[in-house]
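# A structural walkthrough
Chain by chain, the residues run as shown.
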Amino acid sequence: MLHFYKTEYNRVIQLDEFSDGCWISAIAPNDNEITYLIDDLKLDPDFVRSSLDEEESSRIETEDNQTLVIVDIPITTNEDNNTVHYTTHPLGIIITEKNVITISSRSNPIIDEIANNVVKNVQTHLKTRFLLILLFRGATKYLQYLKQIDKISSNLETQLHKSTKNEVLVQLLGLEKSLVYFSTSLKSDEITLEKILRGRVIRMYEDDQDLLEDVLIEVKQAIEMANIYSSTLSRTMDAFSAIISNNLNIAMKILTSITILLQIPSIIFSFYGMNVAGLWFDQFVWFPLIVSIIAAALLAIILIKNKMFK
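This text gives an overview of the structure that appears in the document. Throughout this document, residue positions are counted from 1 along each chain, in the order its sequence is written. Local features in this predicted model are restricted to residues of pLDDT 70 or higher, and side-chain atom pairs are both shown and tallied only at a pLDDT of 80 or more, whereas totals for entire chains, interfaces and linings draw on every residue. As a rule here, side-chain values cover all heavy atoms of the structure and leave hydrogens and water aside.

### Concerning the overall build of the chain
Using the following cut-off: Only runs of H or I of at least four residues qualify as helices and only runs of E of at least two qualify as strands under DSSP, and these elements are numbered from the N terminus. Working definition: with a 1.4 Å probe on protein chains only, accessible area under 20% of the residue-type maximum means buried, over 50% means exposed, and in between means partly exposed. Residue contacts are counted whenever heavy atoms from the two residues lie within 4.5 Å of one another. Using the Shrake-Rupley algorithm and a 1.4 Å probe, accessible areas are obtained, with residue cover drawn only from the displayed protein chains. The convention is simple: Lys and Arg are positive, Asp and Glu are negative, and His and the chain ends are not counted. A single reference atom marks each charge: NZ on Lys, CZ on Arg, CG on Asp, CD on Glu.
Broken down by element type, the chain carries seven helices and seven strands. Structurally, the chain occupies a C-alpha span of about 110 × 40 × 30 Å along its principal axes. Relative to its full complement of 310 residues, the chain shows a buried share of 43%. For the chain, contacts bridging at least 24 residues in sequence account for 62% of all contacts bridging at least 6. When the accessible surface of the chain is summed, it comes to about 17,700 Å², and 54% of that surface belongs to carbon and sulfur atoms. Averaging the coordinates of the 28 positive side-chain charges in the chain and doing the same for the 40 negative ones gives two points 10 Å apart.

See the structure below:
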């Protein structure tokens, strides 16, 4: 789907057709729209295909007065069990002499926020500034989602203190995987931003330089937060794994002790149930019962002193 946007009176408005200085947003474009981007707008075919490749990593490349910047941005998806799953997705940004084109194989919140005027002071004709605003919103979104992950993991830990349900453990594993995605993508984005900061590929003005440095600070902060949360969550999972294993050992110890206690009467009554003559007081029915009770009681005292029921 192609949309054309342009800044007028400090607001981003949607246009019906292409014009110089506008921003073209291509989200999951079909074959005809891809052909339009390549044939009519003269975009590099490799740039378009790379932007639509979900496995493409963050990088920057220049070819024939066109610059491609691919960055990984965070997105959320809802799972079947009503939990939120966090992952990353590549966003291609192509800068030409007159326009900025963003290409993505799926919708993302950053594009929606800019198109809906949630982000202020967006000027579509200032291509470098527009690129940096996209990058800054992406870094801010990482921080926002990381804080959400921290809150969700804290709530799940509270639930685990009450009961160790498989659903809670699965959600924690999903959050741990999301943090790995975030950390990997942020490090790739950081390398791309440092290449832009050198000013060899994209011409930077003084204000743009300051904004780019702010973006780098946000990305580095997000990397540090992702590493801290990932380490904390990993240790939490290890701790709860040890707790579950310890609870299982305690349960097995108690069950084993009960089994041993039940074996004593069974052994005694087995002797007196055999057709063997000469057993003590075999004429008294109550004798094996008393012996069983006394032996079980003595064994129970021994097991209790050795803390086998705790």
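### A short note on the pairing of strand 4 (residues 59-63)
In plain terms, the rule: Here, strands pair whenever DSSP counts at least two bridges between them.
Sheet topology note: the strand 4/strand 5 (residues 66-78) ladder contains five bridges and is antiparallel. By the bridge assignment for strand 5, Ile60 is matched with Val69. In this structure, the hairpin formed by strand 4 and strand 5 is closed by a connection of two residues, where Asp64 is found at a positive phi of approximately 55°.

### Focus on the pattern of salt bridges
Stated precisely, the cut-off is as follows: Salt bridge criterion: a side-chain nitrogen from Lys or Arg within 4 Å of a carboxyl oxygen from Asp or Glu.
Counted under the stated rule, the structure contains eight salt bridges. In this structure, Asp20 engages Lys98 in a salt bridge whose closest nitrogen and oxygen atoms are separated by 3.6 Å. Of the two residues, Asp20 is situated in the loop between strand 2 (11-15) and strand 3 (23-27) and Lys98 in the loop between strand 6 (84-95) and strand 7 (100-104); the sequence distance between them amounts to 78 residues. Look at Asp20 and you get partly exposed, because its relative accessible area is 43%. A salt bridge links Lys141 to Glu113, with the nearest nitrogen and oxygen atoms 2.6 Å apart. Of this pair, Lys141 sits in helix 4 (residues 127-162) while Glu113 sits in helix 3 (residues 109-115), and the two are 28 residues apart along the sequence. In this structure, Lys141 and Glu113 share a single accessibility class: buried. Linked through salt bridges whose partners overlap, the residues forming this network are Glu56, Arg59 and Glu61.

### Some remarks on helix 5 (residues 166-197)
Defined as follows: In this analysis, the expected span of each helix is defined as 1.5 Å times one less than the number of residues it contains.
Relative to the 46 Å expected for 32 residues at 1.5 Å per residue, helix 5 spans 46 Å between its end C-alpha atoms, a close match to the ideal helical length. Once helix 5 ends, the next one or two residues include Gly199, with phi positive near 75°.

### A word on the packing of aromatic side chains
Spelled out, the test is: Geometry of aromatic contacts follows a simple scheme: Phe, Tyr and Trp rings, the Trp one being its six-membered ring, pair when their centres are within 6.5 Å, and the pair is stacked under 30 degrees between planes, edge-to-face over 60, tilted otherwise.
Under the counting rule described, the total for this entry stands at six aromatic pairs. Pairing Tyr142 with Phe182 gives two aromatic rings, centres 5.2 Å apart and planes at 90°, and the pair type is edge-to-face. Here Tyr142 is found in helix 4, whereas its partner Phe182 is found in helix 5, with 40 residues between them in sequence. We classify Phe182 as buried; its relative accessible area is 0%. Chaining the aromatic ring pairs together yields one cluster made of Tyr86, Tyr142, Tyr145 and Phe182.

### Brief notes about the environment of Met1
Within the secondary structure, Met1 is located in the segment before strand 1 (2-8). Residue class for Met1 comes out exposed when judged on its relative accessible area of 52%. Sequence-wise, Met1 and Lys141 are 140 residues apart; in three dimensions their C-alpha atoms are separated by 23 Å. In contact with Met1, not counting residues within four places along its chain, are Ser25, Ala26, Ile27, Ala28, Pro29 and Glu33.

### Brief notes about the sheet that holds strand 4
Two orientations exist for strands paired in a sheet by backbone hydrogen bonds: parallel and antiparallel. For clarity, the cut-off: Whenever a helix is involved, its axis is fitted only over the stretch in contact; in every case the axis is a line through C-alpha atoms, and angles between N-to-C directions fall within 0 to 180 degrees.
Ordered in space as 2-1-3-7-6-5-4, the seven strands form an open sheet in which the pairing is mixed. Of all the strands in the sheet, just strand 2 and strand 4 have a single pairing partner and so form its edges. Mean inter-strand twist for the sheet, computed between neighbouring axes without regard to direction, equals 25°. Here twelve bridges tie strand 5 to strand 6, and the two strands are oriented antiparallel to one another. Directly across from Ile75, in strand 6, lies its bridge partner Thr87. Its contacts with the sheet put helix 5 on strand 4, strand 5 and strand 6, and the angle it makes with strand 6 is roughly 20°.

### Looking at the side chain of Thr7
This is how the line gets drawn: Under the rule applied, a polar contact is a pair of N or O atoms within 3.5 Å (in protein, one hydrogen donor and one hydrogen acceptor; residues adjacent in sequence only if both atoms are side-chain atoms).
Among the secondary structure elements, Thr7 is positioned in strand 1. Thr7 sits in the buried class, given a relative accessible area of 13%. Only 2.8 Å separates the side chain of Thr7 from the backbone oxygen of Val122, close enough to count as a polar contact. At 3.0 Å, the side chain of Thr7 and the backbone nitrogen of Thr124 are in polar contact. Look past the residues within four positions of Thr7 in its chain and what remains in contact with it is Val12, Val122, Gln123 and Thr124.

### Some remarks on the nonpolar core
Threshold: In this description, a nonpolar core means a group of buried Ala, Val, Leu, Ile, Met, Phe, Trp, Tyr and Cys residues linked to one another through side-chain atoms lying within 4.5 Å.
Counting 57 residues, the largest nonpolar core has Val69, Ile114, Leu135, Leu146, Ile196 and Ile202 as its most contacted members. A per-element tally of this core places helix 4 first, with 14 residues. If we ignore the near neighbours within four places in the chain, the residues touching Leu135 are Val71, Leu193, Ile196 and Val215. Counting residues in hydrophobic clusters, the runner-up holds 16 residues, among them Leu37, Val48, Ile70 and Ile101.

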